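Analysis of the macromolecular model
Spelled out, the chains give:
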Amino acid sequence: MYEETTHGGMQGESSEEEEEQKDPLPEPTRFGWVHGVMIRCMLNIWGVILYLRLPWITAQAGIGLTWVIILLSSCITGITGLSTSAIATNGKVKGGGTYFLISRSLGPELGGSIGLIFAFANAVAVAMHTVGFAETVVDLMHENGAVMVNRINDIRIIGVITVTCLLAISMAGMAWESKAQVLFFLVILVSFSSYIVGTVIPPSPQKQAKGFFSYKADIFTTNFVPNWRGREGSFFGMFSIFFPSATGILAGANISGDLKDPAVAIPRGTLMAIFWTTLSYLIIAATIGSCVVRDASGLLNDTLSSSSSSKNCVELACQYGWDFSDCIKNNTCIFGISNYYQSMSMVSAFAPLITAGIFGATLSSALACLVSAPKVFQCLCKDKLYPLIGFFGKGYGKNNEALRSYLLAYIIAVCFILIAELNTIAPIISNFFLCSYCLINFSCFHASITNSPGWRPSFRFYNKWLSLLCAMCCLVIMFLLTWWAALIAFGVVLLLLGYTLYKKPTVNWGSSVQASSYNIALNQCIGLNQVEDHVKNYRPQCLVLTGPPSSRPALVDLVSCLTKNLSLMMCGHVVTVSETPFQSESHNLWLHQRKVKSFYKNVMAEDLRSGVNMLLQGAGLGRMRPNVLLMGFKTDWHSDSPKATHSYIEILQDAFDFQYGVCVLRMRERLDVSHLYQSHVNPCFDGVPETINTTYTTTGINLSFTAPVPIDPDPLLSRPSLFRKKQGRKTIDVYWLSDDGGLTLLLPYLLTRRKRWAKCKVRVFVGGDAFNKDERREEVMTLIKKFRLGFNDVTVLPDLFQKPQPGNIHQFENMVSSFKVDTNPKNESDYGSARVQDEPWWITDQDLDRNRAKSFRQIRLNEILQDVSHEAGLIVITMPVGRRGVCPSILYLAWLEFLSRDLNPPVLLVRGNQENVLTFYCQ
């Protein structure tokens with residue numbers, strides 16, 4: 001799932017394997033699941049909250065609810081660990097940790113945004129943990145009367161020195177960093193041992209005065225129930241304080257690139273770390289709540305003497321000879337687990353070991369974050385999802401160390417250390433971590449729910465519904481902790497998500513979003529088949545015979561204006577048997593770069609007509625299939641063979657037979673622009689042989705050339721066409737000469753909905769008699785208003801049926817004279833008659849006589865077009881129909897030729913299939 005494949009498929013995989021087999025550098029340091037994941041995660045989970053806040057939380061919530069808080073946090077982190085394990089075992093995991101897992105599962109949009117804020121959160125977390133260490137050091141200095149400048153500046157100085165030392169350890173290499181983590185781990189274990197031993201040692205009077213009486217059943221019973229105090233005194237208040245201590249389970253996954261076997265190490269190490277840290281939290285909460293009372297004065301004289309009355313003594317300490325009633329009543333007690341944050345140090349057998357544990361916990365967490373942030377950021381930089389950050393992706397040495405990213409994380413950490421007040425920053429960091437947990441669980445759920453065959457994790461102990469539940473819990477907890485910080489986190493995610501969606505990076509990681517898109521599209525297509533077509537939902541779904549789309553950009557751009565964001569567009573390419581087809585990916589890439597929303601479809605066929613027949617019958621899926629055929633005008637029919645001309649006309653007639661609407665575009669400029677670049681082929685066609693001999697026959701225009709491999713991709717991509725330019729205040733002249741279902745009117749209306757054509761005025765021309773000219777105009781205007789098209793300019797042409805000028809008639813006759821054949825109708829065995837039967841494109845005198853009125857009409861129309869529409873931006877005219885067996889194919893093409901000849905604007909000949917595409921009814 002996480003192998004980045006090239007367009008070459010297996011070829012790309014083999015080349016990647018060959019690169020892996022090359023081993024020019026020594027084997028870098030790799031860690032197992034204990035050193036690399038479990039210890040790292042445990043150190044990141046253990047922190048100052050364990051030493052300084054867990055006793056206080058136990059006093060507030062009681063042992064029972066504290067266990068609930070711990071177990072609830074562990075459930076969230078445990079389920080997240082299961083989800084992480086499932087994702088991590090569904091393919092090869094490289095460097096990048098959390099970012100790599102989310103991006104390769106949900107895609108670059110969410111993965112990139114989470115990766116960036118997760119790396120930033122880790123960098124700021126370095127400052128947070130370092131400041132916690134510095135504050136402890138400064139407090140110890142002040143207790144001994146040592147001051148450098150003042151408290152704030154002392155924290156800054158010690159913090160900067162500390163983070164500089166941590167940077168040196170990190171940049172020395174992962175081996176040194178791992179040794180330092182092991183040292184911190186041993187220090188914390190020793191501090192735990194000192195605390196456990198201290199709970200069973202009989203307490204001295206000094207410790208009893210501070211509320212420690214060793215294990216007592218009464219103390220356990222009293223401390224088992226909650227005793228809320230202060231502003232934070234509530235279940236969720238305590239939960240919000242404790243939960244950040246559990247946000248360290250991704251420390252091992254963040255260095256996935258430095259693990260021997262990430263698929264084994266991440267699940268085993270993460271889950272074991274969660275288990276042992278949860279157990280330690282439960283033990284400490286139970287033991288501290290069984291040994292220490294909530295309130296104590298710390299004064300040795302507050303013993304219960306014979307002179308003092310035991311009736312006035314309150315709380316449990318009275319049973320053990322101590323009277324703390326005064327400080328309890330006056331709320332002045334400074335010891336006990338409700339008041340004294342250093343209760344674990346007081347209980348410990350040797351207090352300095354607890355201080356050493358605090359140092360080990362803070363420094364190890366800071367070191368883990370300082371390593372995690374550059375690793376995640378380096379992977380993000382290499383993917384090039386965002387601009388201006390690629391500089392930090394460079395790696396050095398055998399371990400590919402991200403030294404530049406280390407320096408960036410160091411600078412960010414120093415900046416926040418200099419603030420020396422992170423109370424407003426810490427909630428944002430926690431929310432960023434929770435946001436990552438939420439997306440990891442959602443990634444696991446989403447990948448499972450899509451039922452993609454590619455989702456095959458070797459780790460089976462997960463449940464998609466538990467993952468979804470945990471994702472929702474993380475979302476709720478974010479707002480329960482700090483609602484404004486949650487809004488900031490989501491705001492940053494949405495901002496980065498919007499940027500990635502806008503830029504659309506050219507990466508393909510086989511994400512679950514892609515699998516989900518397929519499922520949605522499939523279900524929607526099947527659903528469309530259950531609903532009958534309705535005229536109100538009619539859309540012109542165009543099959544465009546472009547050949548290679550880059551060779552006829554004007555044709556592509558015109559149809560794109562008609563279908564953009566509204567309906568289906570398919571670029572059809574017929575590849576004859578003698579041709580070498582290009583890869584379809586290159587054509588799709590060209591369409592994407594030109595921002596044309598279209599599909600590309602090519603077929604192999606013996607000739608053009610049979611290939612187009614395949615497209616007409618097989619293109620599309622269900623109701624998502626073309627209903628309009630659009631092609632270019634065959635301008636070379638005079639010089640081309642009559643058989644090719646006949647095949648071209650047969651394509652139009654086949655489209656009518658298959659109930660397609662038909663459009664033919666003719667422009668003064670040549671539609672096929674590939675002849676302008678005979679020095680190279682379409683530059684998007686990568687991976688083709690060094691020399692390509694290609695013949696395009698998609699629209700009946702034969703073009704052969706031999707070309708080397710493309711060098712510059714710009715010429716054909718940026719080739720301007722008329723339909724990519726703003727048209728200004730030109731006119732779109734519509735000659736609605738017969739009722740074809742309304743397609744002739746609908747297409748200009750769709751054009752005017754585009755920005756390029758929005759200012760154009762649509763003029764409608766219809767035929768009519770001079771006697772009822774006004775009535776005819778009002779009739780058409782009323783019909784257009786009912787159709788709600790918004791066309792207000794209607795002109796009736798009473799001279800449409802007049803006889804054309806003799807000179808034009810003579811030119812038409814000369815045009816078709818070379819395609820005439822003499823026949824003797826009295827002798828059926830005549831050579832001419834047999835020739836017409838074998839070659840039906842030939843024109844006889846009978847054909848000319850039979851179709852004389854239609855011929856005159858096309859000639860007369862051309863005269864009107866040249867007179868009325870010579871300055872229009874586009875001419876849309878109803879295409880005449882030539883029936884099989886009645887009108888020879890060359891005569892029909894001659895009509896189209898003469899109708900659209902010598903016109904400056906582009907001409908779009910349109911003919912619907914008599915199916916209504918416009919309605920003025922509500923149902």
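Scroll up a little and you will see the structure.
Thresholds applied
Residues numbered from 1 in each chain as written. Predicted model: local features only at pLDDT ≥ 70, side-chain atom pairs only at ≥ 80, totals over all residues. Heavy atoms only, no water. Helix = DSSP H or I, 4+ residues; strand = E, 2+ residues; numbered from the N terminus. Contact = heavy atoms within 4.5 Å. Areas by Shrake-Rupley, 256 points an atom, 1.4 Å probe, with all protein chains shown as cover. Pairing = 2+ DSSP bridges. Axes fitted to C-alpha atoms, helices over the stretch in contact; angles between N-to-C directions. Disulfide = S-S within 2.5 Å. Buried < 20%, exposed > 50% of the residue type's maximum accessible area, 1.4 Å probe, protein only. Expected span 1.5 Å × (residues − 1). Phe/Tyr/Trp six-rings, centres within 6.5 Å; stacked < 30°, edge-to-face > 60°. Lys NZ or Arg CZ within 6 Å of the ring centre and 35° of its normal. Salt bridge = Lys/Arg side-chain N within 4 Å of Asp/Glu carboxyl O. Parallel < 35°, antiparallel > 145°, perpendicular 65-115°, else oblique. Left-handed = near helix turned anticlockwise from the far one by under 90°. Lys, Arg positive; Asp, Glu negative; His and termini not counted. Polar contact = N/O pair within 3.5 Å; in protein donor to acceptor, adjacent residues only side chain to side chain. Core = buried A, V, L, I, M, F, W, Y, C linked by side-chain atoms within 4.5 Å. Nonpolar A, V, L, I, M, F, W, Y, C, P; charged D, E, K, R; others polar.

Moving on, we come to the overall build of the chain. When you go through the chain residue by residue, the secondary structure sums to 32 helices and 12 strands. Contacts in the chain between residues at least 24 apart in sequence constitute 81% of all its contacts with a sequence separation of at least 6. Split by element, the accessible area of the chain, about 41,000 Å² in all, is 57% carbon and sulfur.

Hydrogen bonds between backbone groups are what pair the strands of a sheet, and the pairing can be parallel or antiparallel. Read from one edge of the open sheet, 10 strands run β3-β2-β1-β4-β5-β12-β11-β8-β9-β10, paired in mixed fashion. Two strands in the sheet have a free side with no partner beyond their single neighbour: β3 (599–605) and β10 (793–797). Direction aside, the axes of adjacent strands within the sheet are offset by 20° on average. In the sheet, strand β1 (residues 542–545) pairs with strand β2 (residues 569–576) via 4 bridges, with the strands oriented parallel. Bridge assignment links valine 544 to a residue of β2, and that residue is cysteine 571. Relative to the sheet, helix α22 (residues 584–593) contacts β2 and β3, its axis offset from that of β3 by approximately 150°. Helix α26 (residues 743–751) rests against β4 (628–632), β5 (661–666), β8 (731–735), β9 (761–767), β11 (874–878) and β12 (907–911) of the sheet, and its axis sits at about 170° to β8.

According to the stated counting rule, one finds 1 disulfide in the structure shown. Cysteine 327 shares a disulfide with cysteine 333; S-S distance 1.9 Å. With the S-S bond torsion at 80°, the cross-link from cysteine 327 to cysteine 333 turns out right-handed. Comparing cysteine 327 with cysteine 333 shows no difference in burial state: the two are buried. Left unpaired, cysteine 542 is separated from the closest cysteine sulfur, that of cysteine 663, by 6.7 Å. According to the relative accessible area criterion, cysteine 542 is buried, its value standing at 1%.

On to helix α16 (residues 403–419), then. Every α-helical turn comprises 3.6 residues, leaving residues that sit three or four positions apart pointing alike. Counted at 1.5 Å a residue, the expected span for α16 with its 17 residues is 24 Å, and the 25 Å between its end C-alpha atoms agrees. Looking at α16, one finds that the buried residues are Ser405, Tyr406, Ala409, Tyr410, Ile412, Ala413, Val414, Phe416 and Ile417.

Time to look at the packing of aromatic side chains. Tallied over the entire structure, the rule returns 26 aromatic pairs. Their ring planes at 45° and their centres at 6.2 Å tell us that phenylalanine 442 and phenylalanine 445 sit as a pair that is tilted. Of this pair, phenylalanine 442 and phenylalanine 445 are both found in helix α17 (residues 426–449), 3 residues apart, which corresponds to roughly one turn of the helix. Grouped by ring-pair contacts, the aromatic residues Trp46, Tyr51, Phe185 and Phe192 constitute a single cluster. Of note, arginine 53 hangs over the ring of tyrosine 341, and the distance from its end group to the ring centre comes to 4.0 Å. If you follow arginine 901 out to its NZ or CZ, it ends over the ring of phenylalanine 898, 3.8 Å from the centre.

What follows concerns the environment of proline 267. For proline 267, the position within the fold is in helix α12 (residues 262–291). On the basis of relative accessibility, which here comes to 7%, the residue proline 267 falls in the buried class. For the pair proline 267 and threonine 84, spaced 183 residues apart in sequence, the C-alpha to C-alpha distance is 7.3 Å. Proline 267 has contacts with Ser85, Thr89, Pro262 and Phe459, leaving out every residue within four places of it along the chain.

Under the defined criterion, the tally for this structure stands at 17 salt bridges. Among the salt bridges present, the one from aspartate 295 reaches arginine 229, with a minimum N-O distance of 2.6 Å. Placement of the pair is aspartate 295 in the loop between α12 and α13 (325–330) and arginine 229 in the loop between α10 (217–223) and α11 (235–242), with a sequence separation of 66 residues. Take aspartate 295: its relative accessible area is 9%, and that puts it in the buried class. By relative accessible area, arginine 229 is classed as partly exposed at 28%. A salt bridge links arginine 777 to glutamate 778; its shortest N-O distance comes to 3.7 Å. A relative accessible area of 31% places arginine 777 in the partly exposed class. In this structure glutamate 778 comes out as partly exposed when scored by relative accessible area, which is 45%. Linked through salt bridges whose partners overlap, the residues forming this network are Asp557, Arg594 and Arg724.

Before going further, it helps to examine the packing of helix α28 (residues 806–817) against helix α32 (residues 889–899). Running from N to C, α28 and α32 cross one another at 140°; their axes reach a closest spacing of 10 Å. The orientation of α28 with respect to α32, classified from their angle, is oblique. When you trace α28 past α32, the crossing you get is right-handed. Taking contact as the criterion, the partners of Asn808, Gln811, Phe812, Met815 and Val816 in α28 are, on α32, Leu891, Ala894, Trp895, Glu897 and Phe898.

So, on to the pairing of β11. Counting buried positions along β11 yields 5 of 5 residues, so the element is predominantly enclosed. Burial along β11 is two-sided: the residues Leu874, Val876 and Thr878 and Ile875 and Ile877 are all buried. Relative to β11, β8 runs parallel, the two being bridged by 4 bridges. By the bridge assignment, isoleucine 732 is partnered in β11 with leucine 874.

Among the structural elements, arginine 754 can be located in the loop between α26 and β9. Although arginine 754 lies buried, it forms no salt bridge, and the closest oppositely charged side chain, aspartate 557, sits 12 Å away as judged by the N-O distance. Side-chain polar atoms of arginine 754 contact the backbone oxygen of cysteine 561, separated by 2.6 Å. With residues up to four places along the chain from it excluded, the contact list for arginine 754 reads Cys561, Leu562, Thr563, Lys564 and Leu566.

By size, the foremost hydrophobic cluster in this structure holds 132 residues, and its most contacted members are Trp46, Leu50, Tyr51, Phe242, Tyr281, Val292 and Leu434. Sorting elements by how many residues they give to this core places helix α6 (residues 108–143) first, with 16 residues. Discounting residues that sit within four places of it in the chain, tyrosine 281 has contacts with Ile45, Trp46, Gly47, Leu50, Leu54, Ile70, Phe242 and Ser245. Leu615, Tyr735, Ile809 and Trp895 belong to the second-largest nonpolar core, a separate cluster that totals 60 residues.

Turning our eyes to something else, we now look at the packing of helix α2 (residues 33–45) against α12. For the pair α2 and α12, interaxial distance at closest approach is 8 Å and the crossing angle is 35°. Considering how the two elements wind past one another, α2 and α12 form a crossing that is right-handed. Seen from α2, the contacting residues are Trp33, Val37, Met38, Cys41, Met42 and Ile45; seen from α12, they are Ala265, Ile266, Arg268, Gly269, Thr270, Met272, Ala273, Trp276, Thr277 and Tyr281. Of the residues in the contact of α2 with α12, the class split is 12 nonpolar, 3 polar and 1 charged.

Not every positive phi belongs to a glycine, and arginine 788 is a case in point at roughly 60°. With respect to the secondary-structure elements, arginine 788 resides in the loop between α27 (773–787) and β10. For arginine 788, a relative accessible area of 54% gives the class exposed. The residue glutamine 914 is not glycine, and still its phi comes out positive at about 70°. Topologically, glutamine 914 is positioned in the segment after β12.

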